[in-house]
Structure formats: C-alpha cells, structure tokens
Amino acid sequence: MTDAHQDRPGRTELGRVLMSAGVLTSDWAPAFAAVPRAAFLPDLIWPFDMASGQSVPVARTREPELWHAYADADVPVVTQWDDGAHSGTHRDVSTSSASMPSVVFSMLRDLDVRPGHRVLEIGTGTGWNAALLAHRLGDGQVVSVEVDAAVAAGAREALARFGAQPQVVCGDGYLGHPVSDVPYDRVIATCGLRSVPFAWVEQCRPGGLIVAPWGTHFTHGDAVARLVIAEDGRSASGRFTGPVEFMKLREQRRPAFAHGDYVPDGVGEGDETSTGISEGELLGGRFDPREFALGLRVPDCALMVAEKREGARPVWFYGLADRSWACVQFRDAGRARVWQAGPRRLWDEVREALAWWDGVGRPGFDRFGLTVCGSGEVVWLDAPDRVVRSAPRP
C-alpha cells in the first residue's frame, strides 16, 4: 500500500461523511483507515458521475487526480462491462464494480462480525470487501467466491499486492463453498438476488447471519435482507434493512426481452382505458419502497420507464412468463391513457397492488421481511404470518 492511497484528503473526508451518517461504525473505522478502495481499483474505471447520471471512463495514467477523487468518493465504480466482452468503448451492461463505500460499510455493519468468525463472501469483485473483512478477522477467516475467472484473477493480484491473503475461489457462488464440516458464521453477498440459494443456509451455522441484496425482476433495485439461521438450521428469516442496487448473480439475471416481441404493431392492438393515477403516485422516486412492493404483488413482470417527450411519458409493463403487456401514457395534465393486452391484465394488477400498498399504510422497506427454507421463500409484512408473496424454489 502506498501513501498516495493511504493519506489523500478525500479519504479523510469520506470517512467523516460515513461516520456522521452512521454507516461507518467505530469497530469498522480501523479497517476503513487501513484498507483504501483505491488500492483495489484498476487503472481504467467508470465511476458514476452524479451530474450527468452516467458512468464515465477515467484512466489513472491520464487523469490521476480525477481518478483518485472518484476512488475516494461515495459513488459506485464500474470495473467490467458485458462480462468482459467489451472494454467500455461500446459498452452495454455493467457486470462488475466497486460498490459505494456507504453501501459497503452499511452491509458490513449489518453483518455484525465478531473475532473468530468465519465469513463466506459471494462476489469478490475488486477484492476490497474481502480485504476489509480479512483486516478485521484475519486472512484465514474469509473465503470469497467469484464466478468470473478474469475478475477473480484481478482480485487475487490486488489482494497480494496489498498484502492480504483471504481465500479467493473461482466458482459459482450460487452453490456457496463448503470447505469443511465447520459451518460459516456469516454469509454476505455483493450481488443482487432474486432467490436466496438454500446452500447458503445449509453452510451457515444456527444463529448465524446472511446479509444479501434481494429483489424482484420488476426493477433492477434490491433491498438488503438480514436473515438469521434458525436453531434447527432448516430456514433463515429476517427483515430488510434498506434499499440498494447491485449487479445480479449471473444465474438470476432478468430474462432478456424485446419490446417488439410484445407490441409489434403499436399500442392500438391493446384494450384502451384511462386512469386518474398520476405518474408520481405510481413511480415515487429512486429507491421508493412502492416499487419494491409492486414487484412483490405483481410477479414475473418488468417495469420500464421511457423518456419524457413533449409532455408525455410512457410507462411500460412486460410479462416475463408470457407476452402480456401494458402501457400507461402520462401527461402533464389530464387523465393518463392505458393500453393492455395478453393473458394477464398487467395494469389492473399494478393498480390493485398500488391500492394494497396504500391500504396497509405505505410500508417502507423495514416493515418487510423474508423467510427462506428448502422448499422456497416467503416475503411478509410486519410478521411472518402476514404473507405478501410466496414462491417455490426454482
């Protein structure tokens, strides 16, 4: 580790911000100070620029000050596009990254590690999170699984260069990584899930914790689930702690779909109605819990929000198990026009789900919980017996 990484003013300021926000706790402060994110980032990165709302390329060799400024900022940094198929020049989908420090330390806070704990991490990425855990617990207490061979190799190199030696395994994190008869005390995922693998429950001790981003295919958003393994080891259950957005476990990415496969001849082929629901009532804002709730109540459905043009914004809903679709055309004034077609009436389902969310008091993320067992998952509201969604294991 070089002083250039360790002592930059931006890191000091970032630490103050994280401490004041309550996400960097006193027990993690030494790891933050000793393990800079910059030591694990490649020379070419694509940090998210808040002003433009886009990921922008920044090369350390050409713009070292800007590179370090982003490395020390509370922004996500993309490090791979399209599973390594592109270098970012003609990029499509971001597939590996270094998460926002505020998200990293809030999840580590939720993980509640103690001396002597063994931790399984799913999604090594750059290796920064594994290095933080290794600094806190010791190299031999951390196993990190990464599905992408190139990403795993890069993480090993960065960890070795830094002087940390947690075990990095190239493999399918969906399967976990049993290494002995001794179970893990904690499991943490740095990728978004649409179903928690039961292997993780089986490989974690009774009373242990799983901390993982979980969501539905309705949007790309997730919420962090903090699950406690039951004493009999046959299930895990707990509440969601707050919203995040992670790149998805490769086995659980949203199925690809094309608009033209649903609506080849325009909305005129659908049944037309109207609604008095406004755009703001439907969508809320970024990380609004209503979209999380809608995804729970309207399964196998994807939401797509189009750009606003000439005072009109189309909002689309696509069925992922069939070719059902719906479109709501919002305008600055007046009722919105609605079209829907297919075996499901998706707009009717969304409208009913929105009414349900309103009727139960517009719950935030922390009122929802998740129970995972061998046969499937149940999402609940306030208590495990108030089931919101039940799904068998895929």
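Preceding this paragraph is the structure being described.
Residues numbered from 1 in each chain as written. Predicted model: local features only at pLDDT ≥ 70, side-chain atom pairs only at ≥ 80, totals over all residues. Heavy atoms only, no water.

### Quick word on the sheet that holds strand 14 (residues 301–305)
Item 1. The antiparallel open sheet is built from five strands, whose spatial order is 13-17-16-15-14. Strands with a single pairing partner mark the edges of an open sheet, and in this sheet they are strand 13 (271–275) and strand 14. Here the strands of the sheet are splayed against their neighbours by 20° on average, with no regard to which way each runs.
Item 2. As paired elements, strand 14 and strand 15 (residues 312–319) share five bridges and run antiparallel to each other. Each bridged residue has a counterpart across the sheet, and for Leu303 the counterpart in strand 15 is Phe317. (Pairing = 2+ DSSP bridges. Helix = DSSP H or I, 4+ residues; strand = E, 2+ residues; numbered from the N terminus. Axes fitted to C-alpha atoms, helices over the stretch in contact; angles between N-to-C directions.)

### Describing helix 12 (residues 346–359)
Item 1. Across its 14 residues, helix 12 extends 20 Å between first and last C-alpha, which sits within 8% of the 20 Å expected from 1.5 Å per residue.
Item 2. Every buried residue of helix 12 is listed here: Leu346, Trp347, Val350, Ala353, Leu354, Trp356 and Trp357.
Item 3. Looking one or two residues past helix 12, Gly361 carries a phi angle of roughly 95°, positive in sign. (Expected span 1.5 Å × (residues − 1). Buried < 20%, exposed > 50% of the residue type's maximum accessible area, 1.4 Å probe, protein only.)

### Description of the nonpolar core
Across soluble globular proteins, you tend to see nonpolar side chains buried next to one another.
Item 1. Judged by nonpolar contacts, the single largest core of 60 residues is most densely connected at Trp200, Leu282, Phe317 and Phe368.
Item 2. Looking at which element gives the most residues to this core, the answer is helix 12, with seven residues.
Item 3. Each residue touching Phe317, except ones within four places of it in the same chain, is listed here: Phe218, Leu282, Cys301, Ala302, Leu303, Ser324, Trp325, Ala326, Val328, Leu346, Trp347 and Val350.
Item 4. In this structure, Leu132, Ala152, Ala158 and Phe246 belong to the second largest nonpolar core, which totals 36 residues. (Core = buried A, V, L, I, M, F, W, Y, C linked by side-chain atoms within 4.5 Å. Contact = heavy atoms within 4.5 Å.)

### Examining the pairing of strand 15
Item 1. Within strand 15, eight of the eight residues are buried, which leaves it mostly tucked inside the rest of the structure.
Item 2. Along strand 15, one buried face is formed by Ala312, Pro314, Trp316 and Tyr318 and the opposite face, lined by Arg313, Val315, Phe317 and Gly319, is buried too.
Item 3. Of the pairings in the sheet, the one linking strand 15 to strand 16 (residues 325–331) comprises seven bridges and is antiparallel in character. Across the sheet, the residue bridging to Phe317 is Ala326, located in strand 16.
Item 4. Count of turn residues in the strand 15/strand 16 antiparallel hairpin: five residues.

### Topic: the packing of helix 11 (residues 289–297) against helix 12
Item 1. Across the interface, helix 11 lies against helix 12 with an axial gap of 9 Å and an inter-helix angle of 125°. Here helix 11 is positioned oblique relative to helix 12, judged by the angle of their axes. Pair helix 11 / helix 12 crosses with right-handed handedness. Across from Pro289, Arg290, Ala293, Leu294 and Arg297 in helix 11, the residues of helix 12 making contact are Val350, Ala353, Leu354, Trp356 and Trp357. (Parallel < 35°, antiparallel > 145°, perpendicular 65-115°, else oblique. Left-handed = near helix turned anticlockwise from the far one by under 90°.)

### Some details on the pairing of strand 9 (residues 184–189)
Item 1. With six of six residues buried, strand 9 is to be regarded as a mostly interior element.
Item 2. Where strand 6 (residues 119–122) and strand 9 come together, four bridges link them in parallel fashion. Among the inter-strand pairings, Val119 is bridged to a residue of strand 9, identified as Arg186.
Item 3. Two strands pair when backbone bridges link them, and strand 9 and strand 10 (residues 204–214) are joined in this way by four bridges, in the parallel orientation. The partner of Arg186 across the bridge, within strand 10, is Leu209.

### Focus on the pattern of salt bridges
Item 1. As enumerated under the stated definition, the model contains 22 salt bridges in all.
Item 2. Here Glu279 and Arg313 are joined by a salt bridge, their closest N and O atoms 2.6 Å apart. Within this pair, whereas Glu279 is found in helix 10 (residues 279–283), its partner Arg313 is found in strand 15, the two being separated by 34 residues in sequence.
Item 3. Residue Glu279 is classed as partly exposed on the basis of its relative accessible area, which comes to 24%.
Item 4. You can call Arg313 buried: its relative accessible area is 19%.
Item 5. Connected via shared salt-bridge partners are Asp83, Asp148, Arg250 and Arg253. (Salt bridge = Lys/Arg side-chain N within 4 Å of Asp/Glu carboxyl O.)

### Here we look at the state of the cysteines
Item 1. Scanning the model with the defined rule gives zero disulfides in all.
Item 2. Cysteine Cys204 is unpaired, with the sulfur of Cys191 as its nearest cysteine sulfur at 16 Å.
Item 3. The exposure class of Cys204 is buried, given its relative accessible area of 3%.
Item 4. Between Cys327, a cysteine without a disulfide, and Cys301, which holds the nearest cysteine sulfur, the sulfur-to-sulfur distance is 13 Å.
Item 5. Judged by its relative accessible area of 2%, Cys327 falls in the buried class. (Disulfide = S-S within 2.5 Å.)

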